[in-house]
Amino acid sequence: TQLLEQSPQFLSIQEGENLTVYCNSSSVFSSLQWYRQEPGEGPVLLVTVVTGGEVKKLKRLTFQFGDARKDSSLHITAAQPGDTGLYLCAGAWVNQGGKLIFGQGTELSVKP
Amino acid sequence: GEEVAQTPKHLVRGEGQKAKLYCAPIKGHSYVFWYQQVLKNEFKFLISFQNENVFDETGMPKERFSAKCLPNSPCSLEIQATKLEDSAVYFCASSQGLAGENNEQFFGPGTRLTVL
């Protein structure tokens, strides 16, 4: 079973600060998805990264996929209270069929 | 539909009772996945379907859990004789293809099962 390590698990910052969440595996991903989940709701897809070295931007969120496709990061610039939530990375491997393997999640709290 | 629908939103069962959860995938999506979220952050894969066929059931506790996706009906996940440790939020997701082939999974709002 491939393991997906996500860090940090908890993050409490002030509005305006920057932050980075990391997602690492010892195996090569075929793709990696980042989700955001709010209380009482299902995960909402933010982005999918596929190509090694890929960088995708979504407003103040920047997603990077490592060159070797074993790691990924999510960077938020000038965090706002509306960014508060649970961020999840989920990896897919060709030999794991269609399922996603989730990281432990990062609970982000942005204080005004 | 355009979104994954799950019913009911909440389900409360006494230990030993049966629980049945339903999922309607996004129209046109061939794959359905069930995940269990325990302790808020831990997602565990249970089972997946390709149309009405079981695709991967490696995560299913076979003794008490069963699932179906029948034509023209919502998919279902059934737990016979629920136990306290089955308390969790159960999510259904659908996709056009497999995540390992770079297809995105879209999640429903979940069913919160509480076993008393």
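This text follows the structure it describes.
Residues take numbers from 1 onward in each chain, read along the sequence in its written order. Chains carry letters from A onward and ligands carry numbers from 1 onward, assigned in written order. Totals for whole chains, interfaces and linings use every residue, but because this is a predicted model, local features are given only for residues with pLDDT of at least 70 and side-chain atom pairs only at 80 or more, for both listing and counting. Only hydrogens and water are set aside; all other atoms, that is, all heavy atoms of the structure, feed into the side-chain values.

Asker: Just give me the short version of the state of the cysteines, but keep the residues and values in it.
Answerer: By definition, disulfides here are pairs of cysteine sulfur atoms that lie within 2.5 Å. Counting across every chain of the model gives three disulfides over all chains. Across the disulfide, C23(A) is cross-linked to C89(A) (sulfur-sulfur distance 2.0 Å). Where C23(A) bonds to C89(A) through sulfur, the torsion about that S-S bond is close to 80°, and the disulfide is right-handed. With C23(A) in strand 3 (residues 19–24) and C89(A) in strand 9 (residues 85–92), this residue pair connects regions lying 66 residues apart in the sequence. Given a relative accessible area of 0%, C89(A) falls into the buried group. Covalently, C69(B) is tied to C75(B) through a disulfide, its sulfur atoms 2.0 Å apart. Of note, the bridge from C69(B) to C75(B) carries an S-S torsion of about 110° and is right-handed in sense. In this pair, the class of C69(B) matches that of C75(B), namely buried. Along chain B, the cysteines that take part in disulfide bonds pair up as 1-4, 2-3, counted in sequence order. The helix and strand labels rest on DSSP assignments: H or I over at least four residues marks a helix, E over at least two residues marks a strand, and numbering proceeds from the N terminus. Buried, partly exposed and exposed residues are distinguished by accessible area as a fraction of the type maximum, computed with a 1.4 Å probe on protein chains only: under 20%, between the cut-offs, and over 50%, respectively.

Asker: So what about the sheet that holds strand 8 (residues 71–76) of chain A? Which residues, and what values?
Answerer: Paired through backbone hydrogen bonds, the strands of a sheet run either parallel or antiparallel to each other. Residues and elements named next belong to chain A. Note: two strands are recorded as paired if DSSP finds a minimum of 2 bridges between them. Taking strand neighbours across the sheet as the criterion, the five strands line up as 1-3-8-7-6 in an open arrangement whose pairing is antiparallel. At either margin of the open sheet sits one strand with a lone partner, and together these are strand 1 (5–7) and strand 6 (55–58). Sheet twist, expressed as the mean angle between neighbouring strand axes with direction ignored, is 15°. The pairing of strand 1 with strand 3 spans three bridges and is classified as antiparallel. Directly across from Q6, in strand 3, lies its bridge partner C23. Only the stretch in contact is used when a helix axis is fitted, and all axes are lines through C-alpha atoms; the angle between N-to-C directions ranges over 0 to 180 degrees.

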